[in-house]
Amino acid sequence: MLTKKEIRFCLDEMKKMFPDAQCELEHKNPFELVIAVLLSAQCTDTLVNKVTKELFKKYKTPEDYLAVTLEELQQDIRSIGLYRNKAKNIRKLCTMLLEEYGGIVPQTKAELVKLAGVGRKTANVVASVAFDEPAIAVDTHVERVSKRLGICKWKDSVTEVEETLMRKVPRDEWSVTHHRMIFFGRYHCKSRNPNCPECPLLEICREGQKRMRKRKEVNAN
DNA sequence: CTCCCGATAT
DNA sequence: ATATCAGGAG
């Protein structure tokens, strides 16, 4: 496990690599952000942006999503994947927003996680990005990076990763850190082919050093 | 834990 | 061909 000083080093190096890391899901208001994040499960945000560009022209309010048939909504988001679950959840979400919140997206994490299709990660993203509340959303990238670097243990659950990060990262850096870790995971410490040889964090990264040793062995043959 | 699922990179 | 993509519900 990394020391406090080593974690500080990671945060500073990530800041150098991705000084302007931010939410890449295109949205004009909290409602659009909730829909976009819900759609982004197991899907690249590039594709989400491609779909929402048209989707948000057609659907502006919760009422709009409830005005069409389930099949029509499914077709409008089909290319995203997992579209049956997502269409169903969007309709439930919109119903809840209208019945319980007057059609307005609530601002607290506690309220957000109760919404259909909104789990801990989505609630954190919306709270952080739309409402400026300190939060660390642990998605696939944040989880992978945290485990490779040794910020947390390999067997930790997503919730445990989030708790560890909140303990070890200063609260006023939660949101930027979360975005920089995503960029670091998405563009550098990739799942398939991480760029360990050019990684500024290699000196403190157990996983990176292990991969570099394997690389040498292969080279020797 | 399983299921949902099309698009894209490798 | 197949692993992976800003996960969540049952």
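Residue numbers restart at each chain and count upward from 1, following the sequence in its written direction. Chain letters start at A and ligand numbers start at 1, both assigned in the order the entries are written. Given that the model is predicted, a residue must reach a pLDDT of at least 70 before its local features are reported, and side-chain atom pairs must reach 80 or more before they are shown or counted; all residues, however, enter totals for whole chains, interfaces and linings. Think of the side-chain values as coming from all heavy atoms in the structure, minus any hydrogens and water.

Regarding the overall build of chain A
The condition is simple: In this description a helix means any DSSP run of H or I spanning at least four residues, a strand means any run of E spanning at least two, and both kinds are numbered starting from the N terminus. The buried label applies to any residue whose accessible area, calculated with a 1.4 Å probe on protein chains only, is under 20% of its type's maximum; exposed applies above 50%, and partly exposed to all values in between. Two residues form a contact once any of their heavy atoms are found within 4.5 Å. The Shrake-Rupley method, run with a 1.4 Å probe, gives the accessible areas here. Residue values count only the displayed protein chains as cover. Positive charge is attributed to Lys and Arg, negative charge to Asp and Glu, and no charge count is given to His or to the chain ends. A charge is said to be at NZ when it belongs to Lys, at CZ for Arg, at CG for Asp and at CD for Glu.
Helix and strand counts for chain A come out as 12 helices and zero strands. Traced from its N-terminal end to its C-terminal end, chain A shows the element sequence α-α-α-α-α-α-α-α-α-α-α-α. Relative to its full complement of 221 residues, chain A shows a buried share of 46%. For chain A, restricting intrachain contacts to residue pairs at least 6 apart in sequence, the fraction spanning at least 24 positions comes to 60%. Total accessible area on chain A is roughly 12,200 Å²; 50% of this is exposed by carbon and sulfur atoms. Computing the positive centroid from 40 side-chain charges and the negative centroid from 31, chain A places the two 6 Å apart.

Description of the protein's contact with DNA strand B
Going by this rule: For each residue, the test is whether any non-hydrogen atom lies within 4 Å of the molecule or strand; if one does, the residue is near. Counting of polar contacts relies on pairs of N or O atoms within 3.5 Å, with two restrictions inside protein: one atom must be capable of donating a hydrogen and the other of accepting it, and residues adjacent in sequence are counted only when both atoms are side-chain atoms. Under the scheme applied here, ten amino acids are nonpolar (Ala, Val, Leu, Ile, Met, Phe, Trp, Tyr, Cys and Pro), four are charged (Asp, Glu, Lys and Arg), and all others, including Gly, are polar.
Looking at DNA strand B, the residues that line it are Q42, L47, K50, R78, S79, G81, L82, Y83, R84, N85 and R192. In the model, a phosphate oxygen of DNA strand B is placed 3.2 Å from a nitrogen or oxygen of the K50 side chain. One of the backbone nitrogen or oxygen atoms of R84 is found 2.4 Å away from a phosphate oxygen of DNA strand B. Elements represented by at least two residues in the surface near DNA strand B include exactly α3 (45-58) and α6 (83-101). In terms of residues, the surface near DNA strand B owes the most to one element, α6, which gives three residues. Residues belonging to the surface near DNA strand B are distributed by class as follows: three nonpolar, four polar and four charged.

Overview of the protein's contact with DNA strand C
Contacts to DNA strand C come from 29 residues, most closely from T122, H141, R144, I182 and R192. Near the protein, meaning within 4 Å, the atoms of DNA strand C are sugar or phosphate in a fraction of 63%, with bases accounting for the rest. Between DNA strand C and Q42 there is a distance of 2.9 Å, counted from a phosphate oxygen to a backbone nitrogen or oxygen. Measuring from a sugar or linking oxygen of DNA strand C, one finds a side-chain N or O atom of K121 at 3.5 Å. Elements that contribute at least two residues to the surface near DNA strand C include exactly α8 (120-129), α9 (140-149) and α11 (174-187). Broken down by class, the residue content of the surface near DNA strand C amounts to nine nonpolar, 11 polar and nine charged.

Structural notes on the domain arrangement of chain A
Applicable threshold: Each domain's extent was defined by an automatic or database domain assignment. Joining two parts hides part of their accessible area as seen by a 1.4 Å probe, and the buried area is that hidden amount summed over both. Salt bridges are defined by distance alone: a side-chain nitrogen of Lys or Arg within 4 Å of a carboxyl oxygen of Asp or Glu.
Structurally, chain A comprises domain 1 (4-17 + 137-220) and domain 2 (30-129). The gap between the C-alpha centroids of domain 1 and domain 2 is 29 Å. Contacts between the two partners involve eight residues from domain 1, matched on the other side by seven residues from domain 2. Summed over the three residues of domain 1 that lose the most area to domain 2, namely A137, E162 and R186, the buried surface amounts to 47% of that side. Seen at the junction of domain 1 and domain 2, the total is two salt bridges. A salt bridge links D45 to R186; its shortest N-O distance comes to 3.1 Å. Counting residues per element, the ones that place at least two in the side of domain 1 that touches domain 2 are α10 (158-168) and α11.

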